[in-house]
Amino acid sequence: MTVDLQRRYIYLAAILLSLLFSVWRIVGVDLINNDGAIYLMAALGDEPSKQHLHNWLFYSYLIGLLSGASGLSLEWSAHLVNLVLDGVLVVAFLRVADLFGAGSRVLFWAAVVIISVPYLMENRGEIIRGHGYWAFSMVAFSYDVKLYRCFSWGSLLGWSIGMLLATLFRIEGLVIAVLAPLGLLLNTGYGWSDRLRHLVKTWSPLLVAG
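So, the overall build of the protein
Okay, so step 1: Helix and strand counts for the protein stand at 11 helices and zero strands.
Okay, so step 2: Counting helices and strands in the order they occur from the N terminus, the protein gives α-α-α-α-α-α-α-α-α-α-α.
Okay, so step 3: Dimensions of the protein, computed from C-alpha atoms along their principal axes, come out at roughly 55 × 50 × 30 Å.
Okay, so step 4: Looking at the protein as a whole, 42% of its 210 residues qualify as buried.
Okay, so step 5: Sequence-distant contacts, at least 24 apart, represent 64% of the contacts inside the protein between residues at least 6 apart.
Okay, so step 6: Summing over all exposed atoms, the protein offers an accessible surface of approximately 11600 Å²; the carbon and sulfur share of this is 69%.

Thoughts on the side chain of S142
Okay, so step 1: Tracing the backbone through its elements, the reader meets S142 in helix α8 (residues 130-149).
Okay, so step 2: At a separation of 2.5 Å, a polar atom in the side chain of S142 contacts the main-chain carbonyl oxygen of V139.
Okay, so step 3: In this view, S142 contacts R95, V96 and L99; residues no more than four positions away in its chain are not counted.

Examining the packing of helix α1 (residues 3-27) against helix α6 (residues 104-116)
Okay, so step 1: Remark: α1 packs on α6, axes separated minimally by 10 Å, with the N-to-C direction vectors making an angle of 10 degrees. The pairing of α1 with α6 is recorded here as roughly parallel in orientation. Facing V3, Q6, R7, I10, Y11, A14, L17, S18 and F21 of α1, the residues of α6 in contact are S104, L107, F108, A111 and I115.
Okay, so step 2: The class makeup of the residues in the contact of α1 with α6 is 10 nonpolar, three polar and one charged.

Re a nonpolar patch on the surface
Okay, so step 1: On the surface, L5, Y9, L12, L16, L19, V23 and V27 cluster together into a nonpolar patch covering about 610 Å² of accessible area.
Okay, so step 2: With respect to the helices and strands, the residue L16 is situated in helix α1.

Points about the packing of aromatic side chains
Okay, so step 1: Under the criterion given, the structure shown has eight aromatic pairs.
Okay, so step 2: Taking 6.0 Å as the distance between ring centres and 55 degrees as the angle between the ring planes, the aromatic pair formed by Y59 and F169 counts as tilted. One end of the pair, Y59, is in helix α4 (residues 58-70); the other, F169, is in helix α9 (residues 153-169), with 110 residues separating them in the sequence. Grouping residues by exposure puts Y59 and F169 together as buried.
Okay, so step 3: Between F136 and F169, the ring centres sit 6.1 Å apart and the planes meet at 20 degrees, which makes this aromatic pair stacked. One end of the pair, F136, is in helix α8; the other, F169, is in helix α9, with 33 residues separating them in the sequence. The pair formed by F136 and F169 is uniform in burial state, with each residue classed as buried.
Okay, so step 4: Taken together, the ring pairs in this structure connect Y39, F58, Y59, F136 and F169 into an aromatic cluster.
Okay, so step 5: Positioned above the aromatic ring of W24, the side-chain terminus of R25 is 5.9 Å from the ring centre.
Okay, so step 6: Here the guanidinium or amino end of R149 rests over the ring plane of F100, the centre of that ring lying 5.5 Å away.

What counts and how
- Residues numbered from 1 in each chain as written.
- Predicted model: local features only at pLDDT ≥ 70, side-chain atom pairs only at ≥ 80, totals over all residues.
- Heavy atoms only, no water.
- Helix = DSSP H or I, 4+ residues; strand = E, 2+ residues; numbered from the N terminus.
- Buried < 20%, exposed > 50% of the residue type's maximum accessible area, 1.4 Å probe, protein only.
- Contact = heavy atoms within 4.5 Å.
- Areas by Shrake-Rupley, 256 points an atom, 1.4 Å probe, with all protein chains shown as cover.
- Polar contact = N/O pair within 3.5 Å; in protein donor to acceptor, adjacent residues only side chain to side chain.
- Axes fitted to C-alpha atoms, helices over the stretch in contact; angles between N-to-C directions.
- Parallel < 35°, antiparallel > 145°, perpendicular 65-115°, else oblique.
- Nonpolar A, V, L, I, M, F, W, Y, C, P; charged D, E, K, R; others polar.
- Patch = residues over 30% accessible without salt bridge, like charges linked within 9 Å, V, L, I, M, F, W, Y side chains within 5 Å.
- Salt bridge = Lys/Arg side-chain N within 4 Å of Asp/Glu carboxyl O.
- Phe/Tyr/Trp six-rings, centres within 6.5 Å; stacked < 30°, edge-to-face > 60°.
- Lys NZ or Arg CZ within 6 Å of the ring centre and 35° of its normal.

The following block contains the structure:
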């Protein structure tokens, strides 16, 4: 078996195991968690629930959109959204391991780690915004690694989109979007003028939005 094929099997196995563990946790849930009930009520248009979420409604709208398009109940639409987001998190984490030069054995253990993290495992059956926040934060981090190594507009676009989506799930994403680019100043492969220029470029989407 070639190395590339081994790595593809690791990715595939990690995605499938993530799916199976999530389904196992979902089936084991008797009652929707309190926050989950609020998100579902907000998806129905309940005004008190919207106000409770301080209009941070992207997650609820996503659930409602899938429910309307698929005919699934809001609860199962939420779980389906979370299944996809958890899969995105697994793939993004393995991609980061790849970027750091992980061989097949290290990639295997990276898959074991991201699938078995207690916090993530415990919340697989919960309807919470954290699924999207962690998934897209990890996607953004993979592009942040690329930006650190060699600035490119393509990597900046990936970083910006990842952090935008993460922030749509939780406001903490905005803090990461502001602070994480400061790491570019530590890249001694560039002179200080280049480091500062790359930092300003990386902050440019935030500056434009502001």
